[in-house]
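What follows is the residue order along each chain.
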Amino acid sequence: MVPVSPATRWYFTPAIIIVAGCLVAMVNFGVRSSFGLFTGPISLEHGWPRETFSFAMALQNLLWGVATPVAGALADRYGAARVLMAGAVLYALGTVIMAITDAPFLFSIGGGIIVGIGIAMSSFGIVMAAFGRMVPPEKRSWAFGIATASGSMGQFGFAPLGGALIAAYGWYNALLFLAASTLLIIAFAVPLLVQNTSGSKAVAGEADITLRAAITQAFGHRSYVLLVSGFFVCGFQLAFITVHLPPYLAEHGISKELAGLAMGAIGLFNVAGSYASGIIGGKYQKRLPLSLIYILRSIAIVAFILMPITAASTFAFTATMGVLWLSTVPLTMGLVTVMFGTRYMATLYGFVFLSHQVGSFFGVWLGGRLYDQFGSYDPVWWMGAALGVFAAIVHLPIREKPAPQFAAA
Amino acid sequence: MEWSGHRLAIALFVSVVLVWLAVMAVVMRAAALPSDASGTMLAVFEPGTTEDEIFSRLTRAEAQPVRPTAFGFIWIVNGASPGLVARLKEQGAIGAYRELPISPTIAGCFALADAKAADMFAP
């Protein structure tokens, strides 16, 4: 009997691999997006101040950023599927610890550190790196787009599901359900096993360099540094809006329900925006739409804060921001791939994403800090708009071609 | 294997939405309050029911109106005596839920879907 080659099995076909990777992205992005719903019930149950939960979530975001380049390096070395599976186990373990512990320190370890690392290891960045290696170059940008759109869709679907689970079964069981959901990533990652990079050699057309040399040379490449700088702005704007838009709307008399719906609109329009961005990135130079996205964000922010805040202006703003929300991701990932090839793409995208998370930290922190100082969010809105213009400018000189050190001699 | 990217995307997203709707329907049914429940809750009426009509129905059900939500047919109500959900249903409410940590719109939409499904499969 002739043994069946793994590559001939039905679940190793391109369509199944794409679908499986998208499902990984949905679960990864979705579960974490519902954690905020547990702030009240968990704090109330344990008699904790809100700060305990918030600190764990802040730690989670930080670890997600810091662990992403490491997770990327592991994925580049051992293949995406194994890293995704290990990440799913950590994600589930951390979520279970969140449910069972009543000690703030352990909660921070579980919900902050372990979940943060788990998210990084099972994130759509790892999925996109796998797609980048498996799909033909002409479909690569589309694949990055559908993976990003899937993450957005997960976010859109899991948040109401998490709320309904809490209402139906209580926060403890809801959290255990979500922990179990993260384990689905293990099954979804199976088709990605075909992309095994253990002991991989340089890809045809790319220079044979070590990981360390790749990182050093990338940071010596001006276009990469510009890309990293630009993605900082993305993180700043998104995190500021996510955390501080609801209280800003409340200040302007928008009801909690309408604010919730407006925030939901971001998720819905984000699906379309991310997918469209992937298509556009496959047809045009990626730096141009990327630059346009940042300038449109700035225009949207300025228009929003200068006009009277009404239900209509709120929905117009959140829908516009939704379209522009994660649409930077397929283009940014695409530029990393164009400049540095596919061998170390997960690692090099990881560093770009780390910059995004640092920007997120400053967006959230400065939003609160400057509000306390000035009694208004306006200074941070203007800062966000100015940073958008900065990002639009820094993307323009990016050279959209292979970095010289990475091209085969 | 030849495959169309956009068709694949549509098939994937439609399938996911269908699975999500099925899971949400099950969970929202579990979240619906039993007939003997009382306390603060969301009462969902048929869309289009006027505010005056809802107000009088709530009064007849011995429910204290707390406030309407962004959607006029979904109200947050309160009532201490047991059997509030049963009384609300007698007055035409199609579902009652504890205040959800998400938009009441979700509860409203699923309560409507639940009521329509019950009508369709009723003997």
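Residues numbered from 1 in each chain as written. Chains lettered and ligands numbered in written order. Predicted model: local features only at pLDDT ≥ 70, side-chain atom pairs only at ≥ 80, totals over all residues.

Observations concerning the overall build of chain A
Counting secondary structure elements, chain A contains 16 helices and zero strands. Taking 409 residues into account, the globule formula puts the C-alpha radius of gyration at 22 Å, and chain A, at 21 Å, falls close to it. Burial analysis of chain A (409 residues in total) assigns 58% to the buried set. The contacts of chain A with a sequence gap of at least 6 include a subset with a gap of at least 24, amounting to 86%. (Helix = DSSP H or I, 4+ residues; strand = E, 2+ residues; numbered from the N terminus. Rg over C-alpha atoms; globule rule 2.2 N^0.38 Å. Buried ≥ 20, exposed ≤ 12 C-beta atoms within 10 Å, placed from the backbone. Contact = placed C-beta atoms within 7 Å.)

Some thoughts on the overall build of chain B
Within chain B one finds four helices and four strands. Here chain B, with 123 residues, has 34% of them falling under the buried criterion. Pairs at least 24 apart in sequence give 67% of the contacts found in chain B among residues at least 6 apart.

Thoughts on the sheet that holds strand β4 (residues 95-97) of chain B
Residue and element names in this part refer to chain B. Here four strands make up an open sheet; going across it, the order is β2-β3-β1-β4 and the pairing antiparallel. Either end of the sheet is taken by a strand with one partner, and the two such strands are β2 (64-68) and β4. Put simply, the sheet's adjacent strands are angled 35° from each other on average, direction ignored. By the bridge criterion, four bridges tie β2 to strand β3 (residues 74-78) in an arrangement that is antiparallel. Each residue of the ladder has a partner; that of P68, found in β3, is W75. (Pairing = 2+ DSSP bridges. Axes fitted to C-alpha atoms, helices over the stretch in contact; angles between N-to-C directions.)

As for the domain arrangement of chain A
By convention, interface size is frequently given as the accessible area that disappears when the constituent parts associate. All names here are of chain A. Taken domain by domain, chain A comprises domain 1 (13-194) and domain 2 (211-402). The distance between the C-alpha centroids of domain 1 and domain 2 comes to 21 Å. Contacts between the two partners involve 31 residues from domain 1, matched on the other side by 33 residues from domain 2. Contributions of two or more residues to the side of domain 1 that touches domain 2 are made by α3 (50-78), α6 (124-134) and α7 (137-182). Per-element accounting of the side of domain 1 that touches domain 2 gives the leading share, 13 residues, to α7. (Domains from an automatic or database assignment.)

Looking at the interface of chain A and chain B
With 31 residues of chain A at the interface, the matching set in chain B holds 26 residues. Of all the secondary-structure elements, those providing two or more residues to the side of chain A that touches chain B are α1 (14-33), α7 and α11 (256-283) of chain A. Counting residues per element, the side of chain A that touches chain B draws most heavily on α7 of chain A, at 15 residues. Of the residues in the side of chain A that touches chain B, the class split is 22 nonpolar, seven polar and two charged. (Nonpolar A, V, L, I, M, F, W, Y, C, P; charged D, E, K, R; others polar.)

Describing helix α10 (residues 222-251) of chain A
All names here are of chain A. In a regular helix each residue adds 1.5 Å, so 30 residues correspond to 44 Å; α10 covers 43 Å between its end C-alpha atoms and thus fits that length. Residue H244 marks the point of greatest curvature in α10, where the axis turns by about 50°; the proline P246 follows within four residues. The buried count for α10 comes to 21 of 30 residues, which makes it a mostly enclosed element. Note on α10: the residue one or two positions beyond its end, G253, has a positive phi of about 85°. (Expected span 1.5 Å × (residues − 1). Bend = angle between axes of the 7 residues up to and from the residue.)

Topic: the environment of V115 of chain A
All names here are of chain A. Among the structural elements, V115 can be located in helix α5 (residues 104-121). What makes V115 buried here is the crowd of 30 C-beta atoms within 10 Å. A sequence separation of 83 residues divides V115 from R32, and the C-alpha atoms of the two residues are 8.8 Å apart.

Describing unusual backbone geometry
Residue and element names in this part refer to chain B. Positive phi outside glycine occurs at E62, with the angle close to 60°. Secondary-structure assignment places E62 in the loop between α2 (51-60) and β2. Using a count of 15 C-beta atoms within 10 Å as the deciding quantity, one classes E62 as partly exposed.

Brief notes about the nonpolar core
In this structure, L84 and I126 of chain A together with A43 of chain B are the most contacted members of the largest nonpolar core, which totals 176 residues. Broken down by element, the residue count for this core peaks at 21 residues, all from α7 of chain A. The residues that make up this core include at least three from each of domain 1 (13-194) and domain 2 (211-402) of chain A. Look past the residues within four positions of I126 of chain A in its chain and what remains in contact with it is A71, G72, A75, A80, V83, L84, M121 and A346 of chain A. (Core = buried A, V, L, I, M, F, W, Y, C linked by C-beta atoms within 7 Å.)

Topic: the environment of Y344 of chain A
Residues and elements named next belong to chain A. Here Y344 is to be found in the loop between α14 (328-340) and α15 (345-374). Once the C-alpha coordinates of Y344 and I209 are considered, the two residues, 135 residues apart in sequence, prove to be 9.9 Å apart. Excluding its chain neighbours within four sequence positions, the residues that come into contact with Y344 are D76, L211 and A214.

So, the confidence of the model for chain B
All names here are of chain B. Counting all residues, the mean pLDDT for chain B is 84, and 85% of those residues have values of 70 or more. Helix α4 (residues 104-121) is the least confidently modelled element of chain B, averaging 70 in pLDDT, while helix α3 (residues 84-90) averages 93, the highest of any element. With pTM at 0.88, the complex prediction returns an ipTM value of 0.85. (pLDDT = per-residue confidence, 0-100.)

Quick notes on the packing of helix α12 (residues 287-306) of chain A against α14 of chain A
Residues and elements named next belong to chain A. Interaxial distance between α12 and α14 falls to 9 Å at its minimum, and their mutual angle equals 145°. Viewed along their axes, α12 and α14 form a crossing whose handedness is left-handed. Taking contact as the criterion, the partners of R287, P289, L290 and I293 in α12 are, on α14, T328, L331, T332 and L335. Along the lines of polarity and charge, the residues of the contact of α12 with α14 split into five nonpolar, two polar and one charged. (Left-handed = near helix turned anticlockwise from the far one by under 90°.)

Quick look at the packing of α12 of chain A against helix α13 (residues 311-324) of chain A
Residues and elements named next belong to chain A. Closest axis-to-axis distance for the α12/α13 pair is 10 Å, and the angle between their directions is 165°. Considering the angle they form, α12 stands roughly antiparallel to α13. Taken as a pair, α12 and α13 cross one another with a handedness that is left-handed. Between α12, through I293, L296, R297, A300 and F304, and α13, the contact on the second element is made entirely by S313, F317, T320, M321 and L324. For the contact of α12 with α13, the class distribution of residues is seven nonpolar, two polar and one charged. (Parallel < 35°, antiparallel > 145°, perpendicular 65-115°, else oblique.)

Notes on the confidence of the model for chain A
Residues and elements named next belong to chain A. The predicted model of chain A has a mean per-residue pLDDT of 90, with 95% of residues at 70 or higher. Here α11 is the element of chain A with the lowest mean pLDDT, 88, and helix α4 (residues 80-100) is the one with the highest, 97. The low-confidence segment residues 1-5, where pLDDT is below 50, has one contact with residues more than four positions distant or belonging to other chains.

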